[in-house]
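The chain contents come next:
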Amino acid sequence: MTDWRPDSWREKPAQQQPSYADPAEVEEVVRDLAQLPPLVTSWEIENLKAQLAEAAEGRRFLLQGGDCAEVFRECKPSIITNKLKILLQMSLVLLYGGKRPVVRVGRFAGQYAKPRSEDLETRNGVTLPSYRGDLINEIEFTAEKRVHDPQRLLRGYSRAALTLNFIRALIEGGFADLHHPEYWDLAFVEHSPMASEYQRMAESIGESLHFMETMLGRQVGEINRMDFFTSHEGLHLLYEQAQTRQVPHRTGWYNLAAHFPWIGMRTCDPDGAHVELFRGIANPIGLKVGPKMVPETLVELTRILNPNNEPGRLTLIHRFGAKKIAECLPPLLEAVQRAGRKVLWSCDAMHGNTVRTSEGIKTRRFDHILSEVKQAFDLHAAAGTHLGGVHVELTGENVTECTGGARGLQDAELRRSYKSSVDPRLNYEQALELAMHVARRMRGASIT
């Protein structure tokens, strides 16, 4: 790719970028970032790409989940551990119920930047820059905190490195061992309506492992640990550029800030800077696909971002909302299929289902989320394509941000423990319930 460089995106129009006061300071920070060690490795990236290629063929299933936006102050062992626990529990449900290996990708260790609809925010007659994520500024509504500060790029890198190092230590230490799913228990949901069904699954897996190892006369080593990968929206182009580099013994360039970066719906212009940067990296990448996407543009993007039609390279993450998916998805499925493009399809049933209560609180209805997932399975089946993954915003904390689910959380209860600074997330119970519904559908049962 002779016409591409890690900074060739600067020659294209760039959306959703911060406005820094001192360009010289920004360039110094970018140079510092470029000299720091990578957060991930090229062999981990290639391993993920191979697994995603299998997911596209129906031999694995992608579970991608985590916070809407990470914040620096929550880089704490308990919070990181709880997020890892819920993803591991969901993957166990999908593995057991769906009868397929699961590709585990976390929306963390780098999800510090967020796109915004407006550059400015006004409260009580005061107008300040919008909060764009901890990588850029702070959420407190003061002139000082809302300044776009390039030094926060270094803080974001540091928090991502600390998070990823802790996750790796947990996994290497046996935290993700299938022999011990009790390590993943979250004490505050001991009496969850989902707890008993999950416990039956865990016990059944334990019994199966014991039987198999008794027959073999040895422990099955490969299930003592699980692969786990990181992802974030590759929104801040200077940050992504700084971590894009060549590695020994491999051709091409890798974005070593995450295993799986994705392009958001607001920055997917085929002639834009984000597509330019992403087309040149060797990572598997995601592309969010929303209601405004037309078939011709989507096919064009698949050709730009995956010119060699490489299996596992491109994941299309559709996000329409329960009310629009039946209208919007089929033409895109047909166009991509007709063009012969190799992609993995994943369903983000969160972003298209955001609403506000009568009190103005942003929330998502669990029934709407479940409906979009159900329709996605049906529409893919009708088109002869394959839904190979789900993309979920969730937390391992006991929050009240999305309504519905097994406990029937109501609008009036949202204020009890609403902690998200941007978008509402599924709590532990709701996330596990969603996984159980998806697992049933994976093995051919209907979502009720």
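Just so it is clear, the model here is predicted, and its values are computed rather than measured. (Residues numbered from 1 in each chain as written. Predicted model: local features only at pLDDT ≥ 70, side-chain atom pairs only at ≥ 80, totals over all residues. Heavy atoms only, no water.)

(A) Focus on the overall build of the protein. Of the regular secondary structure elements, the protein holds 11 helices and 14 strands. Its C-alpha atoms give the protein a radius of gyration of 21 Å, within 12% of the compact-globule value 22 Å for 448 residues. Counting only C-alpha atoms, the protein reaches 65 × 55 × 45 Å along its principal axes. Taken over 448 residues, the protein has a buried fraction of 58%. Put simply, 76% of the contacts in the protein that link residues at least 6 apart link residues at least 24 apart. For the protein, the accessible surface area stands at approximately 18,800 Å², while carbon and sulfur atoms represent 50% of it. (Helix = DSSP H or I, 4+ residues; strand = E, 2+ residues; numbered from the N terminus. Rg over C-alpha atoms; globule rule 2.2 N^0.38 Å. Buried < 20%, exposed > 50% of the residue type's maximum accessible area, 1.4 Å probe, protein only. Contact = heavy atoms within 4.5 Å. Areas by Shrake-Rupley, 256 points an atom, 1.4 Å probe, with all protein chains shown as cover.)

(B) Quick peek at the packing of helix α10 (residues 366–383) against helix α11 (residues 428–442). It is the contact of α10 with α11, at a shortest axis distance of 11 Å, that shows an interaxial angle of 20°. Classified by the angle their axes make, α10 and α11 are roughly parallel. For the pair α10 and α11, the crossing hand works out as right-handed. Taking contact as the criterion, the partners of F366, I369, L370, V373, K374, F377 and D378 in α10 are, on α11, Q430, E433, L434, H437, V438, R441 and M442. Here the contact of α10 with α11 is built from residues that sort into 8 nonpolar, 2 polar and 4 charged. (Axes fitted to C-alpha atoms, helices over the stretch in contact; angles between N-to-C directions. Parallel < 35°, antiparallel > 145°, perpendicular 65-115°, else oblique. Left-handed = near helix turned anticlockwise from the far one by under 90°. Nonpolar A, V, L, I, M, F, W, Y, C, P; charged D, E, K, R; others polar.)

(C) Expanded view of the packing of aromatic side chains. This structure, assessed with the given rule, holds 3 aromatic pairs. Here F72 and Y112 contribute two aromatic rings whose centre-to-centre distance is 5.0 Å and whose plane-to-plane angle is 75°, an arrangement assigned as edge-to-face. You can see F72 sitting in the loop between β1 (61–66) and α3 (77–98) and its partner Y112 sitting in the loop between β2 (102–107) and β3 (120–123), a full 40 residues away along the chain. An identical accessibility class is assigned to F72 and Y112; each is buried. Looking at K99, its charged tip hangs above the ring of Y96, at a distance of 4.8 Å from the centre. (Phe/Tyr/Trp six-rings, centres within 6.5 Å; stacked < 30°, edge-to-face > 60°. Lys NZ or Arg CZ within 6 Å of the ring centre and 35° of its normal.)

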